[in-house]
Amino acid sequence: MPSSAMDWLRRLLHPESAPARTGRLDVRHARHVAALHHQGGFARGWEPGECAALLADPAIISEGVFAGNSPHPAGFVISRKAADEAEILSIVVGRAHRRDGLGRALLHAHLGQLAASGVQHVYLEVEDGNLPAEQLYRHFGFREVGRRKNYYAKSDGSRTGAVTMRLDLA
């Protein structure tokens, strides 16, 4: 089936998943960002107050992806910028929208926003073994530059490693 036919079928069956648009987030989105972060599989999700503080911080660059006509983000990415570098602090797409291509659209828009703000190097850490996330990052050109043993706490009390990745934008 041609791609345009698949897009039409997806919109018919899942109207909330298309079209997707991206845009900056602000403190009005804090509650929804916190709810999404809790879906991210982290041992401790961010609370709305923490999200509001991050979104109000001038060093933070954020992007949301919005499905259909929803005013609430279906996913987000938040980075902290310092000079010509940025670290992606978190990226999450809500469970209901995973595998809809929103993560790719979100990261594409965010990297463009970082580059436009003068960022030359982007760093992130991803849980070792999170293959879908690693594949997404590698698709955009991120490469592994290090590993941290027992970095992430898991909800069951165990710990797992992190893969540190870097992307050069310039």
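Our structure is the block above this text.
This is a predicted model, so every value here is computed, not measured.

Here the focus is the packing of helix α4 (residues 102-116) against helix α5 (residues 131-139). Contact geometry for α4 and α5: axes closest at 11 Å, N-to-C directions at 40°. Here α4 is positioned oblique relative to α5, judged by the angle of their axes. In terms of crossing hand, the pair formed by α4 and α5 is right-handed. Residues Gly 103, Arg 104 and Leu 107 of α4 form the contact with α5, whose own contacting residues are Leu 136, Tyr 137 and His 139. Here the contact of α4 with α5 is built from residues that sort into three nonpolar, two polar and one charged.

Our next topic: the packing of helix α2 (residues 30-38) against helix α3 (residues 48-56). In a packed pair of helices, the relevant descriptors are the angle between the two axes and the axis-to-axis distance. α3 packs onto α2 with a crossing angle of 120° between their chain directions and a minimal axis gap of 8 Å. Along this stretch, α2 crosses α3, giving a crossing that reads as right-handed. When α2 is examined against α3, the residues Ala 30, Arg 31, Val 33 and Ala 34 are found in contact with a partner set consisting of Pro 48, Cys 51, Ala 52 and Leu 55. Looking at the contact of α2 with α3 residue by residue, the classes come out as seven nonpolar, no polar and one charged.

According to the stated counting rule, one finds three aromatic pairs in the structure shown. Aromatic pair Tyr 137 and Phe 142: ring centres 5.8 Å apart, planes at 65°, arrangement edge-to-face. Looking at Phe 142, the relative accessible area reads 3%, which means it is buried. With centroids separated by 5.1 Å and ring planes inclined at 80°, the aromatic side chains of Tyr 151 and Tyr 152 adopt a geometry described as edge-to-face. Exposure remark for Tyr 151: the relative accessible area of 36% places this residue in the partly exposed category.

This part takes up the nonpolar core. Counting residues in each nonpolar core, the largest one holds 26 residues, and the members touching the most others are Leu 107, Leu 111, Val 122, Tyr 137 and Phe 142. Within the residue set of this core, elements represented by two or more residues are β2 (60-67), β4 (85-93), α4, β5 (121-127), α5 and β7 (159-168). The dominant element in this core, judged by the number of residues it contributes, is α4, at five residues. Here Val 122 is in contact with Ala 86, Ile 88, Leu 111, Leu 114, Phe 142, Met 165, Arg 166, Leu 167 and Leu 169, once residues within four sequence places are set aside. Core analysis: the next-biggest nonpolar cluster, separate from the first, contains 14 residues, Trp 46, Cys 51, Phe 66 and Ile 78 among them.

Here is what the cut-offs are and how they apply
Residues numbered from 1 in each chain as written. Predicted model: local features only at pLDDT ≥ 70, side-chain atom pairs only at ≥ 80, totals over all residues. Heavy atoms only, no water. Axes fitted to C-alpha atoms, helices over the stretch in contact; angles between N-to-C directions. Helix = DSSP H or I, 4+ residues; strand = E, 2+ residues; numbered from the N terminus. Parallel < 35°, antiparallel > 145°, perpendicular 65-115°, else oblique. Left-handed = near helix turned anticlockwise from the far one by under 90°. Contact = heavy atoms within 4.5 Å. Nonpolar A, V, L, I, M, F, W, Y, C, P; charged D, E, K, R; others polar. Phe/Tyr/Trp six-rings, centres within 6.5 Å; stacked < 30°, edge-to-face > 60°. Buried < 20%, exposed > 50% of the residue type's maximum accessible area, 1.4 Å probe, protein only. Core = buried A, V, L, I, M, F, W, Y, C linked by side-chain atoms within 4.5 Å.

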